[in-house]
Amino acid sequence: MDFADSAEEARFRVRLRAWLGENNPHLPASSTSDEYWEKQPEWHRSLYRAGFFGLSWPVRYGGHDRPTVYDVIVDEELAAAHAPPRPNLGYLVQAICAHANDDVKDRFLPDLISGRARWCQGFSEPDAGSDLASLRTRAVRDSDQFIVTGHKVWTSYSDVADWCLLLARTDPDARGHRGLSAFAIPMNQPGITQRPLKMISGVAREFGEVTFDAAVVPAVNMIGSSGDGWAVAMTVLAHEREPQELGNASRYRKTVKQLQKFLRDDPAGYDAEQFRQLAWAIVESDMLAHLVSRRLSERLDGLDHGVEGSIDKLLMTSVEQTVGHAAVDIAGATHDEVGASMLATYLYSRAQSVMGGTAQIQRNLIAHRVLGMPRS
Amino acid sequence: MDVRYTAEQRALCQAARRVIDRLGSRAVADLADERRAAALDEAVESSGWRELRAPDDRGGPIASGVEVAIVAEELGRGLADAPFLGPTLAMELRRLARASQAVDRETVGLRRNLAALASPGEPALAIDARDAGSALLLAADGTLVAAGLHEKAGSIDLTRPMALIPNTEAVTVGSLTEADRQRWTALALTITTADLVGSMRGALDLAVTYAGQRVQYGKQIGSFQAVAHLLADALVQIEGARAALLYAAWGVDSLAPPDAVAAAASAKAYAARGARLVCETCIQVHGGIGNTWECLAHVYLRRTLLATDVLGGVGPNLARVLEHAGLGGHL
């Protein structure tokens, strides 16, 4: 058992560190600002061209077929260099890899991974949040295409997306999670309108809602077979719950480092409670980094994390919100740029217990599927 | 990086699990079963687990902090009343001091609040003192001494009795450097963290079993979200504590001493907070039964209270974490 880098990992880290020394775009070092979202495509392509993106994904589609630990090394080094985080596409790539046929994979994965095409994810609806299976967006077959009508919300990156991974009901007679299918639908067409949603942090570039009014998607763009939509959605959600996919452990540690600086620069300006909050933020963010190491290692055995992902999601949530509380209580009241970014970090943290399945849903899953508690 | 257990570590884990499943306490009445306790003590003795930190030919420990944590976790899960914590910490002190092995079973003497090793002459308690003949104390100048044990004292932990250390002549056995002392502190925090994680697992198993059996309003109480979510949160605490523990256990022998202490302090703070939550959840889920002496829930809680106090719980360890971050003296 060894937490230290192997020789090859260490060489990779050195090479990446050198590249970052020359190529750090010095964007806002967090995903809580609109400036970040504006420049993110460029940053994505820059990482990709240098060979530091999609490290664990198949070579055939532009990845590098390395173990997932290399993605995490990238996360750690980006955070250490105060560079922006790695764009977060793992959940889309994993779902397409796991469920789509070779034609769909060949057509979509290379551009998705290289950053030439932007994607969003159309799952939630105004009346289908936690109860995702009750979604009502319909896709009706019309010769070699489907006609899509419905309303999606909480759609991340809908404003810049070229494609949407859409979950829609293809069998109107089926109820619940049966009769759903997944599609890659082009966003730039007359039948689709999207409207950004401004979040409580003030960010307006990340979230949107999308209306589909007789929008068209070719039948060959179905991901998996007809009726596989729920399975595709579950793959997406499982990966959205895993901190190692998201690079969040490094993001939290970066915020913690910034907070440490506040207290070091002016120790007399803070009370014991603020020091205590910082200490918990260190403890929790370190714990998450070690959890990521453990999960990455378990993957070397080919283990697939299904429902344990709910445990990791709750741990990640707890860390993000502990760090968020420390951020607002230590620095949120300073009326300057850093203070504003810490306030945004705090406000952004409130979404973590909602996105990718609420904390309450995760607890239900853990109780039933891990602990074997009977259903109510 | 590869933090999977080795084949030997997996085998050790299974061996410890088998011993505990056979000889651990599954009911409060088991604690009074002297034959069971003696059989468990014999099993721990013959397995060599108390010698994991004995010196090898070159003075290094026979086994790393990871093996120590594996055994401590399983013993904590099964409420083992055979000494492991005390003898292992004593063995480590003697190894670091390059002292000869103790003749009889030995443990360590801590200050009355258990937060640090006691110096000779100050009021001290020997922890985990069943069948121990002596306890090690550490003077401020690093001199390590062995003192004979006096009479039994009460313990909050029903599985690990304490003994008083009389203020009599102590025998010098060696001396420790500051780095040795840090190495020992890292091990002490790690082993108590592992004990906490094990006890949390045992307490949650107990609560989950009960929630699957107890019926109210015509349903098993585990089917109610209010109960199910308490149990889910308990599991999340355990998994988080376990992640921090593994790093600390590896760090005992692989990190520089100040970093090893910080990693272990971080894990201990996390686990100590979680242990209280999990054990209190166990009592709550058991309702009125959980507040009776006959329910094992309080035995778990008491065991975690002792493991928490040894070398300090949440407060002292958050302070250690801050000190490592260059922010000492503020908690």
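Residues numbered from 1 in each chain as written. Chains lettered and ligands numbered in written order. Predicted model: local features only at pLDDT ≥ 70, side-chain atom pairs only at ≥ 80, totals over all residues. Heavy atoms only, no water.

Some points on the packing of helix H8 (residues 248–265) of chain A against helix H9 (residues 272–299) of chain A
Residue and element names in this part refer to chain A.
- Relative to each other, H8 and H9 sit at 155 degrees, their axes nearing to 9 Å. Here H9 runs roughly antiparallel to H8, going by the angle between their axes. Between H8 and H9 the crossing geometry is left-handed. On H9, the residues that touch Ala249, Tyr252, Arg253, Val256, Leu259, Gln260 and Leu263 of H8 are Gln274, Phe275, Leu278, Ala281, Ile282, Ser285, Asp286, Leu288, Ala289, His290 and Val292.
- By residue class, the composition of the contact of H8 with H9 is 12 nonpolar, 4 polar and 2 charged. (Axes fitted to C-alpha atoms, helices over the stretch in contact; angles between N-to-C directions. Helix = DSSP H or I, 4+ residues; strand = E, 2+ residues; numbered from the N terminus. Parallel < 35°, antiparallel > 145°, perpendicular 65-115°, else oblique. Left-handed = near helix turned anticlockwise from the far one by under 90°. Contact = heavy atoms within 4.5 Å. Nonpolar A, V, L, I, M, F, W, Y, C, P; charged D, E, K, R; others polar.)

Side note on helix H12 (residues 359–370) of chain A
- Under the 1.5 Å per step criterion, the end-to-end length of H12 of chain A is 15 Å for 12 residues, consistent within 8% with the ideal 16 Å.
- For H12 of chain A, the complete set of buried residues consists of Ala359, Gln362, Arg363, Asn364, Leu365, Ile366, Ala367 and His368 of chain A.
- Each element contacted by the buried residues of H12 of chain A is listed here: helix H10 (308–331) of chain A together with helix H6 (225–254) of chain B.
- Looking one or two residues beyond H12 of chain A, the residue adopting positive phi is Gly372 of chain A, at roughly 70 degrees. (Expected span 1.5 Å × (residues − 1). Buried < 20%, exposed > 50% of the residue type's maximum accessible area, 1.4 Å probe, protein only.)

Quick notes on the side chain of Lys105 of chain A
All names here are of chain A.
- Of note, Lys105 is situated in helix H5 (residues 102–114).
- A relative accessible area of 14% means that Lys105 is categorised as buried.
- Sequence-distant contacts of Lys105, defined by excluding residues within four places in its chain, comprise Tyr61, Ile96, Cys97, Ala100 and Pro110.

Regarding the environment of Cys120 of chain A
Residue and element names in this part refer to chain A.
- Residue position: Cys120 is located in strand S1 (residues 119–122).
- Under the relative-accessibility criterion, Cys120 is labelled buried at 1%.
- Residues within four places of Cys120 in sequence aside, it is in contact with Thr155, Ser156, Tyr157, Ser158, Ala161, Trp163, Cys164, Leu165 and Met187.

Quick word on the domain arrangement of chain A
Residue and element names in this part refer to chain A.
- Annotation of chain A at the domain level lists domain 1 (7–87), domain 2 (118–227) and domain 3 (241–370).
- Between the C-alpha centres of domain 1 and domain 3 the distance comes to 20 Å.
- Taken together, the contacts link 13 residues of domain 1 with 14 residues of domain 3.
- Surface buried jointly by domain 1 and domain 3 totals about 1,200 Å² across both partners, of which 61% is contributed by carbon and sulfur atoms.
- On inspection of domain 1 and its partner domain 3, the count reaches 0 salt bridges.
- Looking at side-chain class alone, the side of domain 1 that touches domain 3 contains 6 nonpolar, 4 polar and 3 charged residues. (Domains from an automatic or database assignment. Buried area = accessible area lost by both parts, 1.4 Å probe. Salt bridge = Lys/Arg side-chain N within 4 Å of Asp/Glu carboxyl O.)

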